[in-house]
Amino acid sequence: MIQTENRIAQLFERHDDSEKIMSLFLTAGYPDPQATVDLILGFEENGVDLVELGMPFSDPLADGPTIQYSSNVAIEQGITMKKILHIVEQVREKSQIPIILMGYINPVLRYGVEAFCEDAAEAGVDGLIIPDIPIEESGILKEEAVKNELPIIYLVAPNTSDERMRKIDEQSQGFVYCVSVTGVTGVREGNEVAKSVQRFIDRVKQNVTKNPKMVGFGIKSHEDAQRIAADMDGFIVGSALIDTIREHYPEEGWKDEVFAFVRRLKYGKE
């Protein structure tokens, strides 16, 4: 089910400056596989524009405790790459929301790069984020990804040089993922993000000119998102979402609580 025009490209073509694009990261299989499907469908109804679906891995080096926890839960429940792709297929029966698979290269290699790219495209995946494959080593994946029209989205961070930002911008497709702080994923407390991010954002604006720019890591509220993403095309939230799910699941009405949080992230009010 390869698209003649990628859903990510369509999203950014439709985008105007009146509202920031919101992407949510959710670990596939968390809090359980069917709930993952229901959450993605509900996200779209509550203002989410883009979903990053995490591929759980037993040694998630860049993930903080929240996403590590969700990955462990999903693995314990028997999530596999086949089941992750089936989640995408189920979503595609009802929704055309752009879905990016995000995770580490090991599970992809175990599955087989050629088979992975073919099966992901067939399931309805729109792009890939593989943080532990830098552009210099992306040849391991790039040929098959291009063949199957799966954009590879690369990351820049505060410790990325200006020259490297320009190189990443040149090789990225879809958008550039701007990691607002150096370190693992997770919600940042107080003014840590605000104090460290502006110089980085200024450098990104100067050096990333080809692709749209999405900023993530540490965003936990609408106010955080609007401040940090003021000069970006949109923002990404992961740990704060998973914390919210963890707080309410499996209580009665837990999905309503999660969707209310999502609406507050996007609009500031329910």
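For the structure, see preceding data.
Residues numbered from 1 in each chain as written. Predicted model: local features only at pLDDT ≥ 70, side-chain atom pairs only at ≥ 80, totals over all residues. Heavy atoms only, no water.

**What to know about the overall build of the protein chain**
Across its full length, the protein chain carries 12 helices and 8 strands. Here the C-alpha radius of gyration of the protein chain, 17 Å, is about what a compact globule of 270 residues would show, namely 18 Å. For the protein chain, the spread of C-alpha atoms along the principal axes amounts to about 45 × 45 × 35 Å. A buried classification covers 57% of the 270 residues belonging to the protein chain. Working note: accessible area of the protein chain is about 11800 Å², and carbon and sulfur atoms make up 46% of it. Considering the protein chain, the positive charge centre built from 28 side chains and the negative charge centre built from 45 side chains are found 4 Å apart. (Helix = DSSP H or I, 4+ residues; strand = E, 2+ residues; numbered from the N terminus. Rg over C-alpha atoms; globule rule 2.2 N^0.38 Å. Buried < 20%, exposed > 50% of the residue type's maximum accessible area, 1.4 Å probe, protein only. Areas by Shrake-Rupley, 256 points an atom, 1.4 Å probe, with all protein chains shown as cover. Lys, Arg positive; Asp, Glu negative; His and termini not counted. Charge placed at Lys NZ, Arg CZ, Asp CG, Glu CD.)

**Observations regarding the side chain of Ser 70**
Here Ser 70 lies in helix α3 (residues 65-76). Residue class for Ser 70 comes out buried when judged on its relative accessible area of 0%. Not counting residues up to four positions away in its chain, the partners in contact with Ser 70 are Thr 27, Tyr 30 and Ile 242. (Contact = heavy atoms within 4.5 Å.)

**Structural notes on the packing of aromatic side chains**
Summed over the entire model, instances satisfying the criterion amount to 7 aromatic pairs. With a centroid separation of 6.0 Å and 75° between ring planes, the pair formed by Tyr 30 and Tyr 69 is classed as edge-to-face. Here the residue Tyr 30 occupies a position in the loop between β1 (21-27) and α2 (33-45), and Tyr 69 occupies one in helix α3, the gap between them amounting to 39 residues. Centre to centre, the rings of Phe 57 and Tyr 104 are 5.8 Å apart; their planes meet at 40°, and the pair counts as tilted. Linking Phe 57 in the loop between β2 (50-55) and α3 with Tyr 104 in the loop between β3 (99-103) and α5 (105-111), this pair joins segments that are 47 residues apart in sequence. In terms of burial, Phe 57 and Tyr 104 fall into one category: buried. Here the basic side chain of Arg 246 rests over the ring of Tyr 69, its NZ or CZ set 3.5 Å away from the ring centre. (Phe/Tyr/Trp six-rings, centres within 6.5 Å; stacked < 30°, edge-to-face > 60°. Lys NZ or Arg CZ within 6 Å of the ring centre and 35° of its normal.)

**Some thoughts on the packing of helix α6 (residues 113-123) against helix α7 (residues 139-147)**
Contact geometry for α6 and α7: axes closest at 9 Å, N-to-C directions at 40°. Along this stretch, α6 crosses α7, giving a crossing that reads as right-handed. Contact residues: α6 offers Val 113, Glu 114 and Cys 117, while α7 offers Ile 140, Leu 141, Glu 144 and Ala 145. (Axes fitted to C-alpha atoms, helices over the stretch in contact; angles between N-to-C directions. Left-handed = near helix turned anticlockwise from the far one by under 90°.)

**Structural notes on the environment of Gly 47**
By the element assignment, Gly 47 lies in the loop between α2 and β2. On the basis of relative accessibility, which here comes to 9%, the residue Gly 47 falls in the buried class. Sequence separation between Gly 47 and Pro 107 is 60 residues; the distance between their C-alpha atoms is 31 Å.

**As for the pattern of salt bridges**
On inspection of all chains with the given rule, the structure shows 13 salt bridges. We note a salt bridge from Arg 7 to Asp 126, for which the minimum N-O separation is 2.6 Å. Of the two residues, Arg 7 sits in helix α1 (residues 7-14) while Asp 126 sits in the loop between α6 and β4 (127-129), which places them 119 residues apart along the sequence. The pair formed by Arg 7 and Asp 126 is uniform in burial state, with each residue classed as buried. For Asp 49, the salt bridge is made with Lys 266, and the minimal N-O distance between the two is 3.1 Å. Of this pair, Asp 49 sits in the loop between α2 and β2 while Lys 266 sits in helix α12 (residues 254-267), and the two are 217 residues apart along the sequence. Each member of the pair Asp 49 and Lys 266 is classed as buried. Among the charged side chains, a salt-bridge network with shared partners connects Arg 7, Arg 92 and Asp 126. (Salt bridge = Lys/Arg side-chain N within 4 Å of Asp/Glu carboxyl O.)

**Focus on the sheet that holds strand β5 (residues 155-156)**
Pairing is parallel in the open sheet, where 8 strands are placed in the order β4-β3-β2-β1-β8-β7-β6-β5. On the outer flanks of this sheet lie β4 and β5, each paired with one strand and no other. Note that β1 and strand β8 (residues 234-237) share 4 bridges and pair parallel. Along β8, the bridge assignment pairs Ile 21 with Gly 234. (Pairing = 2+ DSSP bridges.)

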